[in-house]
Amino acid sequence: MYWKIVRNDMANSKLITGMTMLFVAVAALLVTLSAVLIVHLTSAIDTLMKQAETSHFLQMHAGEIDQVRLTEFAEQNKYVDEYQMNEFLNVEGTKINIAGTTLAHSVQDNGFSTQSEKFDYLLDLDGHVIEVANGDIYVPVSYWKDGIADLGDTVIVQDQTFTIAGFLRDSQMNSMLASSKRFLVSEQDYAAIQEAGTVEYLIEFRLKNLADLKNFEEAYTSAGLEANGPTITYKLFQMLNAISDGLMIAVILLISVLVVAIAFMCIRFTLLTKIEEDTREIGVMKAIGLRVADIQKMYLAKYGVIAVIGCMLGFACSFFLRDILLENIRLFMGETDKVSLIWLFTGLGLLLVFIVIMGYVQSVLKQFRKLSATQALRFGTMQGKGQHAKLLNLSANKRLPINLFLGIKDVLSRKTLYATMLAVLVLATFIIIVPQNLHNTIAAKSFITYMGIGNSDIRIDIPQGKQNEQQVSAVMDRLEHDTAIKNYTVLTTKKFTTIAEDGTAQNLKIELGDHTIFPLEYAHGEAPVAPNEVALSVLNAEELQKKVGDSLAVVINGQKKNLRISGIYSDITNGGKTAKAAFSDHSTDSMWSVVYSTMADPSLVADKRAEYAKTFSFAKVSGIDDYIYQTFGTTIHAIEKAARAALVIALLLCVLVTLLFMNMLIAKDQAPIAIMKALGFTNVDIATQYAARSIFVLLLAISMGTLLANTLGEYLTSTVIASFGAASFDFMINPLAAYVFCPLALTSVVLLATLFGTSRAGQVKIIEHIKE
Amino acid sequence: MNIVSGEQIAKTFQVGKEQHPVLLDVSVAINQGEFISIMGPSGCGKSTLLYALSGMDSIDQGQVIFDGMDLTTLSDKELADLRRTKMGFVFQQPTFLKSLNILDNILLPAMRDGRKNVRALTERALQIMNKMGIADLAKRDITQVSGGQLQRAGICRALISNPQVIFGDEPTGALNSTSAQEIMDLLASINSEGTTVMLVTHDPKIAARTERILFMSDGAIVNELRLPRFTGADLDDRMVKVVSTMQKIGI
Ligand SMILES: Nc1ncnc2c1ncn2[C@@H]1O[C@H](COP(=O)(O)OP(=O)(O)O)[C@@H](O)[C@H]1O
Ligand SMILES: [Mg+2]
């Protein structure tokens with residue numbers, strides 16, 4: 001019996017039922033996709049890192065190396081399971097030629113390796129440990145994805161010609177955020193190209209128990225072992241692998257929450273309108289003795305059917321989309337083996353959507369209880385009399401054209417009714433603007449200042465070495481006399497020892513120089529200026545347990561000095577553990593130097609960069625734009641995709657909601673429309689009034705949505721971004737996109753939908769509604 | 001001079017597959033300043049004729065001339081313009097916008113064109129309301145007044161644009177007889193100032209207040225009765241004439 005009523009009810013309101021189902025389906029689709037992506041990403045990373053046996057602790061080192069001492073340390077340390085030392089032949093991009101073009105523009109540290117012996121294996125795209133033949137080369141998969149290399153292409157390094165036999169997954173350096181890229185060649189070939197570059201060492205450890213990592217790190221540092229280069233731990237490898245796609249998932253999840261909210265509002269609106277329409281019938285049912293619970297059951301049954309079909313539809317559609325979204329994960333991380341887990345999470349996600357929807361319907365249905373039979377029968381409505389905005393009176397209105405006035409007045413008079421549409425449009429604005437601002441922020445040049453890199457035009461990295469000092473002064477001399485250079489600064493990183501309160505010593509790499517010329521964004525405090533000041537990266541501050549204003553004991557030139565912590569900043573460079581200070585020191589050798597410079601005429605940056613790259617062949621010269629692109633490229637791209645998807649989805653939602661809303665409004669407003677027409681209002685007048693309502697609600701929504709996006713949205717996004725290292729963070733808003741394009745797109749879409757949705761208004765027959 | 005005239009108006013409603021002829025070759029001519037009523041049993045086509053003559057509803061055959069214009073040739077927009085500027089309507093059921101108060105409802109049709117002189121219009125609305133005895137209700141909600149008061153507000157609204165003709169479809173149908181007679185007093189006084197008033201009613205007591213009565217039966221005008229101006233004391237006399245005409249034609 002319920003089934004029959006439900007079926008009739010749905011057949012009578014096909015459009016509304018369809019719409020509600022659609023929103024449920026979209027919500028289910030997004031939740032399903034997130035579930036699939038999350039499980040796939042985490043398990044694929046897990047599998048990759050297991051198959052590759054990723055190092056638990058990696059110390060990169062350039063310079064002299066005492067292998068005996070290292071082996072001894074590894075043998076004696078109780079935490080160590082396995083130890084190995086890999087070589088990484090760092091070769092300049094100009095000397096690597098892939099299919100006719102060099103990697104000159106790459107900001108990655110490209111280099112060659114042989115397959116590891118014990119762990120940290122380089123894998124092929126099937127997840128197998130690669131055995132490479134002489135003359136063959138395996139290239140990092142990112143170069144394949146970027147279209148730089150293809151199977152069978154030739155790679156030339158130092159007169160040696162290689163054929164690309166495949167592409168490799170590097171569990172440690174896959175991510176664009178990891179700045180080194182390993183090419184795999186055979187032992188024999190490796191020996192042949194030795195002269196092409198400089199060797200860096202990857203000192204790698206696997207521990208018996210990963211939980212002991214912290215203790216091991218301490219032991220390694222206090223043993224005073226090789227540490228000229230970044231230190232990276234298992235956790236950071238995991239994070240680096242997860243970032244790009246993790247961000248995309250976060251955005252999808254955010255959108256799916258909002259779509260669920262929109263589905264709620266549709267249900268609320270349709271259900272309330274339906275209740276209003278049905279009040280009389282419900283009254284009759286109550287009067288003839290049906291119980292409230294029965295009526296509730298009927299509606300619950302209806303929405304149960306809608307929710308189930310919606311969930312199934314969403315689930316089905318997810319199959320078409322998942323492959324596109326999974327492409328990146330599959331390529332870099334591989335397949336998942338947790339198929340059953342995917343099903344489980346998908347099932348749980350769908351169940352969640354279903355439960356949430358039914359819970360919501362149940363809560364709306366509570367209003368039935370409040371309805372008395374007589375009230376329903378007498379008035380045929382649950383609401384009292386028409387409350388209206390007393391402030392806005394026609395007799396006091398000189399400015400607004402009448403149709404605009406009537407439109408706005410109607411919105412203000414029936415606030416609860418329009419609240420639904422308002423909320424949807426606010427959310428739509430929100431989901432358009434937030435990803436866009438996020439994309440804009442990350443793509444902006446200044447974003448790197450949140451990441452520990454000064455904002456400049458050209459960055460020159462001068463590696464460690466005996467000639468470091470001469471090279472630095474050569475570069476400085478050149479920059480000093482180059483009139484095209486506006487300003488520059490040299491930052492030199494040196495290694496110092498800090499002494500904790502309990503006396504334990506720890507290494508700290510401090511970047512010395514003037515940090516005010518190309519300032520970073522500081523999460524707390526500010527840049528070090530005085531000689532007794534030091535700034536720490538977030539990770540270092542956490543590890544050393546220091547806050548701004550605390551003091552830190554550092555051994556400088558053989559003496560223990562107390563430095564004041566002037567500021568804390570986010571950093572993604574060099575494993576995230578860096579420090580900056582302004583004091584001068586000649587007691588220790590520098591590890592490396594970075595020269596930042598800006599140009600008077602930014603349009604000449606590319607030329608200047610090429611010129612310097614030629615002149616300073618010992619250094620890595622990069623434009624900051626390239627640096628951003630190559631480091632954050634994947635992330636930026638993922639967010640851009642998400643932002644675009646959000647735009648399309650939001651606009652689509654607006655169209656649907658507006659159409660739905662206007663249709664229901666017209667159905668409800670037949671009588672007043674007939675009255676207006678009888679009084680001599682033209683069809684154009686009526687259409688204008690509806691457009692005025694839409695636009696009024698929309699303008700309100702856009703202002704509220706923009707405000708919300710810039711407050712709550714910024715907060716949410718900064719939470720996401722903080723998870724990969726940037727602690728403080730402000731939206732970079734592209735005013736054209738946020739304040740012109742977005743409102744314009746929304747307005748035109750909503751206006752079109754309104755005009756389309758209200759085209760029926762003109763067809764209302766006067767006589768059918770007022771003739772006696 | 002004729003302000004409204006219909007020539008051989010025919011209209012058929014289609015319900016499902018069945019044809020329901022409602023107006024059969026009706027011709028009628030109404031002079032400027034007349035106080036006229038269409039009288040007949042329920043369902044005989046009175047309202048349909050009224051809406052045909054005011055251009056609110058289309059006709060299948062014939063011609064309607066209003067103030068020298070052939071309504072059948074006008075567009076929707078031109079018809080709307082005409083309704084707004086030259087016609088006033090009073091309906092049986094209150095037809096007001098719930099979101100506007102009484103005064104704003106009355107101002108509504110005039111405000112579309114007259115936004116600039118809103119002050120003068122408000123002044124005029126209050127004057128008319130005063131005359132109709134509802135001046136103190138201006139700021140009330142339409143749910144806060146009685147049916148009789150609402151109907152007066154309806155007349156005020158019909159008058160706001162100073163129309164040439166006021167059409168009333170059972171304007172007293174929802175009122176008790178005292179209120180109904182009061183409304184008729186008001187309509188008569190409006191008519192005495194030169195406005196043509198045309199009513200539809202099935203109530204002889206209402207028809208008897210007008211000066212020309214068209215009797216309708218089954219979609220055709222079957223008789224006509226002219227009465228002198230109402231003096232205030234001759235209602236019973238007029239009633240007798242109306243009722244006897246009705247009996248004569250068998251309705
Ligand atoms: N929109 C319509 N569709 C079909 N039939 C209608 C319609 N309007 C009126 N009718 C029919 O036309 C006839 C005349 O209606 P109407 O003019 O309203 O009568 P009156 O006003 O004299 O009571 C009635 O039989 C009625 O059922
Ligand atoms: Mg009628």
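All values reported here derive from a predicted model rather than from experimental measurement. (Residues numbered from 1 in each chain as written. Chains lettered and ligands numbered in written order. Predicted model: local features only at pLDDT ≥ 70, side-chain atom pairs only at ≥ 80, totals over all residues. Heavy atoms only, no water.)

Draft legend 1. Representation of the overall build of chain A within the structure. Each helix and strand counted, chain A has 20 helices and 22 strands in total. Residues counted as buried form 56% of the 772 residues belonging to chain A. Excluding contacts between residues fewer than 6 apart, the proportion of contacts in chain A whose partners are at least 24 apart in sequence is 81%. For chain A, the exposed surface amounts to about 32,800 Å²; the carbon and sulfur share of it is 58%. (Helix = DSSP H or I, 4+ residues; strand = E, 2+ residues; numbered from the N terminus. Buried < 20%, exposed > 50% of the residue type's maximum accessible area, 1.4 Å probe, protein only. Contact = heavy atoms within 4.5 Å. Areas by Shrake-Rupley, 256 points an atom, 1.4 Å probe, with all protein chains shown as cover.)

Draft legend 2. Structural view of the overall build of chain B. When its secondary structure is counted, chain B shows 8 helices and 10 strands. Within the span of chain B, comprising 251 residues, buried residues form 57% of the whole. In chain B, once contacts between residues fewer than 6 apart in sequence are set aside, the share between residues at least 24 apart is 69%. When the accessible surface of chain B is totalled, it reaches about 10,500 Å², and 47% of it is carbon and sulfur.

Draft legend 3. Molecular detail of the site of ligand 1. All names here are of chain B. By nearness alone, 13 residues border ligand 1, and G43, G45, K46, S47 and T48 come closest of all. At 2.7 Å from an oxygen atom of ligand 1 is found a main-chain nitrogen or oxygen belonging to G43. Separating an oxygen atom of ligand 1 from a backbone N or O atom of G45 is a distance of 3.0 Å. Surface burial for ligand 1 is 69%, taken as the share of its 560 Å² of free accessible area covered by protein chains. Every element with two or more residues in the shell around ligand 1 is listed here: β1 (2-15) and α1 (46-53). For the shell around ligand 1, the element with the most residues is α1, which contributes 3 residues. (Near = heavy atom within 4 Å. Polar contact = N/O pair within 3.5 Å; in protein donor to acceptor, adjacent residues only side chain to side chain.)

Draft legend 4. Region of interest: the pattern of salt bridges. In the structure shown here, the tally under the stated rule is 37 salt bridges over all chains. One salt bridge connects R478(A) with E611(A), and the closest N-O pair in it is separated by 2.2 Å. Taken as a pair, R478(A) in helix α13 (residues 468-481) and E611(A) in helix α15 (residues 605-615) lie far apart in primary sequence, 133 residues in all. Judged by relative accessible area, E611(A) falls into the partly exposed class, the value being 30%. A salt bridge links R212(B) to E224(B); the nearest nitrogen and oxygen atoms lie 2.8 Å apart. Of the two residues, R212(B) sits in strand β9 (residues 212-217) while E224(B) sits in strand β10 (residues 220-226), which places them 12 residues apart along the sequence. Its relative accessible area of 6% is what places R212(B) among the buried residues. Here the residues in one salt-bridge network are D685(A), K77(B), D81(B), R84(B), R112(B) and D113(B), joined through shared partners. (Salt bridge = Lys/Arg side-chain N within 4 Å of Asp/Glu carboxyl O.)

Draft legend 5. Summary view of the sheet that holds strand β4 (residues 61-66) of chain B. All names here are of chain B. Spatially, the 4 strands line up as an open sheet ordered β2-β1-β4-β5, and their pairing is antiparallel. Only two strands of the sheet have a single partner each, and these edge strands are β2 (18-31) and β5 (69-70). Of the strand pairs in this sheet, β4 and β5 are connected by 2 bridges, and their pairing is antiparallel. Looking at β5, one finds that F66 is bridged to M69. (Pairing = 2+ DSSP bridges.)

Draft legend 6. Examining the side chain of D461(A) more closely. Residue and element names in this part refer to chain A. Looking at the element boundaries, D461 is found in strand β13 (residues 458-462). On the basis of relative accessibility, which here comes to 16%, the residue D461 falls in the buried class. Side chain to side chain, D461 and R459 meet in a polar contact 2.9 Å long. Those residues within four positions of D461 in sequence are excluded, and the remaining contacts are S593, V594, A619 and K620.

Draft legend 7. Up close: helix α12 (residues 415-443) of chain A. With 29 residues, α12(A) extends 40 Å between its outermost C-alpha atoms, agreeing within 8% with the 42 Å of an ideal straight helix rising 1.5 Å per residue. Burial analysis of α12(A) places 23 of its 29 residues in the buried class, which makes it a mostly covered element. (Expected span 1.5 Å × (residues − 1).)

Draft legend 8. The arrangement of a nonpolar patch on the surface in detail. Residues L341(A), L344(A), F345(A), L348(A), L351(A) and I355(A) make up a contiguous nonpolar surface patch of roughly 540 Å² in combined accessible area. In this structure, F345(A) sits in helix α9 (residues 339-370). (Patch = residues over 30% accessible without salt bridge, like charges linked within 9 Å, V, L, I, M, F, W, Y side chains within 5 Å.)

Draft legend 9. Examining the interface of chain B and chain A more closely. Between chain B and chain A, the contact holds 39 residues from the first and 35 residues from the second. Counting every contact that joins chain B to chain A gives 1 salt bridge. With a shortest N-O distance of 2.3 Å, R112(B) and D685(A) are connected by a salt bridge. Where chain B meets chain A, there are 4 residue pairs in polar contact (both at pLDDT 80 or more). Among the secondary structure elements, those contributing two or more residues to the side of chain B that touches chain A are α1, α2 (76-86), α3 (102-114) and α4 (118-132) of chain B. The greatest single-element share of the side of chain B that touches chain A, amounting to 7 residues, is contributed by α3(B). Of the residues assigned to the side of chain B that touches chain A, the class counts are 15 nonpolar, 9 polar and 15 charged. (Nonpolar A, V, L, I, M, F, W, Y, C, P; charged D, E, K, R; others polar.)

None of the figures reported here should be taken as evidence of function without further support.
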